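For reference, the chains in residue letters:
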Amino acid sequence: MTSHSTNRLSACLITLNEEHNLPRALASLAGIADEIVVVDSGSTDRTEAIAREHGAAFFVRAWTNYAEQKNVAASYASNDWILSMDADEELSSVLQTAILEWKKHEPEFAVYEIARRTWYLGAWIKHSGWYPDFQRRLYRRDAAQFSGIIHESLRFEGHAGRLNGDLLHYTVRSFAEHEANVEKYSSLSAQQMFAAGKRSWRGGMWVATPWSWFQNYFLRGGFLDGYRGALIAQMAARTVRLKYEKLGRLVETEGRGSSGARP
């Protein structure tokens, strides 16, 4: 990028064994980002080599959570403007053009959101609550930071701007991977709810689960995505059911612990 550009941009990614995805993500940043920062949590594949081949600054930090890893990556950047990207994402050509255009002018906002389009089991998902799935990813690092253990999001004051184009998201490569993600995220969600003091779980399990399916399949147009939409609705409902089921187990374990502690 030429030096007369107004807004110098650091692209920040966090990684763990991303040799399959990383080349695509970094290639889409060529000529867009003035700097690439990668914070890795202990990869054992070619992630570091790929990052360095693309000229990225590479740092290793033991994993804590998504928000902290992303905030640390931003702290290593040498520019004030941060583009936070996941390794399984890439900038669409329309988004690349929008960012290059944005770089030439004084920004109106401190945070910008971008529509994310997801590739799932061989097709782009256009409904199901998965699109446009706006993600706040371009921000001035003194005005915003990530928070949240799971589904981390940017916290900031004021309104967000919006950029044209899509952030292309190459999510699960197989249904088995989707099932594994459901297990992982439902466990994290249950822990987060428990930590926040939530103790009622039965109602959520019996009411929120079918509601989740209905919402994703009918209200959010999942049926328009064919069998993939049916799978997405089914797995979303399963995540909700497991989340409350696991919260119930944590509550019961806590109950047993406190009753055992009485004299």
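This report concerns the structure included in the present document. (Residues numbered from 1 in each chain as written. Predicted model: local features only at pLDDT ≥ 70, side-chain atom pairs only at ≥ 80, totals over all residues. Heavy atoms only, no water.)

It is worth spelling out the nonpolar core at this point. The biggest cluster of nonpolar side chains holds 28 residues, and the ones touching the most others in it are Leu29, Ile36 and Leu91. If you list the elements that add at least two residues to this core, you get strand E1 (9-15), helix H1 (22-27), strand E2 (35-40), helix H2 (47-53), strand E4 (81-86), helix H4 (93-103), strand E6 (111-120) and strand E11 (161-170). Setting aside its immediate chain neighbours within four residues, Leu91 contacts Ser28, Leu29, Ile32, Leu83, Met85, Gln96, Ile99, Asp166 and Leu167. One finds Ala67, Ala77, Ala144 and Phe146 within the second-largest nonpolar core, a separate group that totals 15 residues. (Core = buried A, V, L, I, M, F, W, Y, C linked by side-chain atoms within 4.5 Å. Buried < 20%, exposed > 50% of the residue type's maximum accessible area, 1.4 Å probe, protein only. Helix = DSSP H or I, 4+ residues; strand = E, 2+ residues; numbered from the N terminus. Contact = heavy atoms within 4.5 Å.)

Before going further, it helps to spend a moment on the environment of Leu100. Mapped onto the elements of the fold, Leu100 is located in helix H4. Expressed as a C-alpha distance, the spacing of Leu100 and Ala33, which sit 67 residues apart in the sequence, is 9.2 Å.

Glancing now at the pairing of strand E3 (residues 57-60). Bridge count between E2 and E3: 4 bridges; the pairing is parallel. Directly across from Val39, in E3, lies its bridge partner Phe59. (Pairing = 2+ DSSP bridges.)

Following the criterion strictly, the structure yields 22 salt bridges and no others. Two residues, Glu68 and Arg61, come together in a salt bridge whose shortest N-O distance is 3.7 Å. When the shortest N-O distance is used, the salt bridge between Arg137 and Asp86 registers 3.6 Å. Of this pair, Arg137 sits in strand E8 (residues 135-140) while Asp86 sits in strand E4, and the two are 51 residues apart along the sequence. You can call Arg137 buried: its relative accessible area is 3%. When its relative accessible area of 18% is taken as the criterion, Asp86 is described as buried. One connected set of salt bridges, linked through shared partners, spans Lys70, Asp86, Glu89, Arg116, Asp133, Arg137 and Glu152. (Salt bridge = Lys/Arg side-chain N within 4 Å of Asp/Glu carboxyl O.)

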